[in-house]
Amino acid sequence: MANRAQIPTNNSALIAMIADEDTVTGFLLAGVGNVDLRRKTNYLIVDSKTTVKQIEDAFKEFTTRDDVAIVLISQYVANMIRFLVDSYNKPVPAILEIPSKDHPYDPAHDSVLSRVKYLFSAESVASDRR
C-alpha cells in the first residue's frame, strides 16, 4: 500500500484532454474545462496546424501536473506520439485513448488494452503452472 499513487484530495482532480476540436468542445460543454490563475488550460485542441512538438509538450505537461488524474487523448493523436504514450508507465494520471468523430477506434493500437491483454495472458500462464 505504501507504493500506491495518491490523487490530490484538495478539491478535485482534473481530466486533461488532447483531441480534435469537436471532441474537446463536447467535453468542455460537459464541464471538463479548467483555466488556472496562470491562464494554463487542461486541454489541447489538435488541428492541421498543431505540431507534433506541441502535442508532445502538452502530453508531458499533463502527465506531470499534480492536479490531473486522467488524460484523455484521441487515438489518432496518440499515434503521433506513440513512443511517449507507450513508454508512460505511471498509474496516475491514467492515460485513456478515445475515438474521435473522423477517426474510428482501433483496439490494436491502444496501449492500455495491450497491457491488459498481456497481464491476463501472463496470469493464465501462471495459473496453468499451478
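Everything here concerns the structure above.
Reading guide: rules and limits
Residues numbered from 1 in each chain as written. Predicted model: local features only at pLDDT ≥ 70, side-chain atom pairs only at ≥ 80, totals over all residues. Heavy atoms only, no water. Phe/Tyr/Trp six-rings, centres within 6.5 Å; stacked < 30°, edge-to-face > 60°. Helix = DSSP H or I, 4+ residues; strand = E, 2+ residues; numbered from the N terminus. Buried < 20%, exposed > 50% of the residue type's maximum accessible area, 1.4 Å probe, protein only. Salt bridge = Lys/Arg side-chain N within 4 Å of Asp/Glu carboxyl O. Pairing = 2+ DSSP bridges. Axes fitted to C-alpha atoms, helices over the stretch in contact; angles between N-to-C directions.

1. Structural notes on the packing of aromatic side chains
- Tallied over the entire structure, the rule returns one aromatic pair.
- Between Phe 59 and Tyr 88, the ring centres sit 6.1 Å apart and the planes meet at 80°, which makes this aromatic pair edge-to-face. On the criterion of sequence distance, the pair formed by Phe 59 in helix α2 (residues 52–64) and Tyr 88 in the loop between α4 (82–87) and β4 (94–98) is long-range, its members being 29 residues apart.
- A residue is classified by how much of its surface remains accessible, and Phe 59, at 2% relative accessible area, is buried.
- You can call Tyr 88 buried: its relative accessible area is 11%.

2. Thoughts on the pattern of salt bridges
- Within the structure shown, the criterion is met by eight salt bridges.
- The shortest N-O distance in the salt bridge between Arg 38 and Asp 36 comes to 3.3 Å.
- Its relative accessible area of 67% is what places Arg 38 among the exposed residues.
- Across the pair Arg 82 and Asp 86 runs a salt bridge, and its minimum N-O distance is 3.6 Å.

3. Considerations on the sheet that holds strand β2 (residues 43–45)
- Taken together, four strands build an open sheet; the order of strands is β2-β1-β3-β4 and the sheet is parallel. For this open sheet the edge positions go to β2 and β4, each flanked by a neighbour on one side alone. Looking at each pair of strands side by side, their axes are set apart by 20° on average, direction ignored.
- Pairing analysis gives three bridges linking strand β1 (residues 14–19) to β2, with the strands arranged parallel. Paired with Ala 19 across the bridge in β2 is Ile 45.

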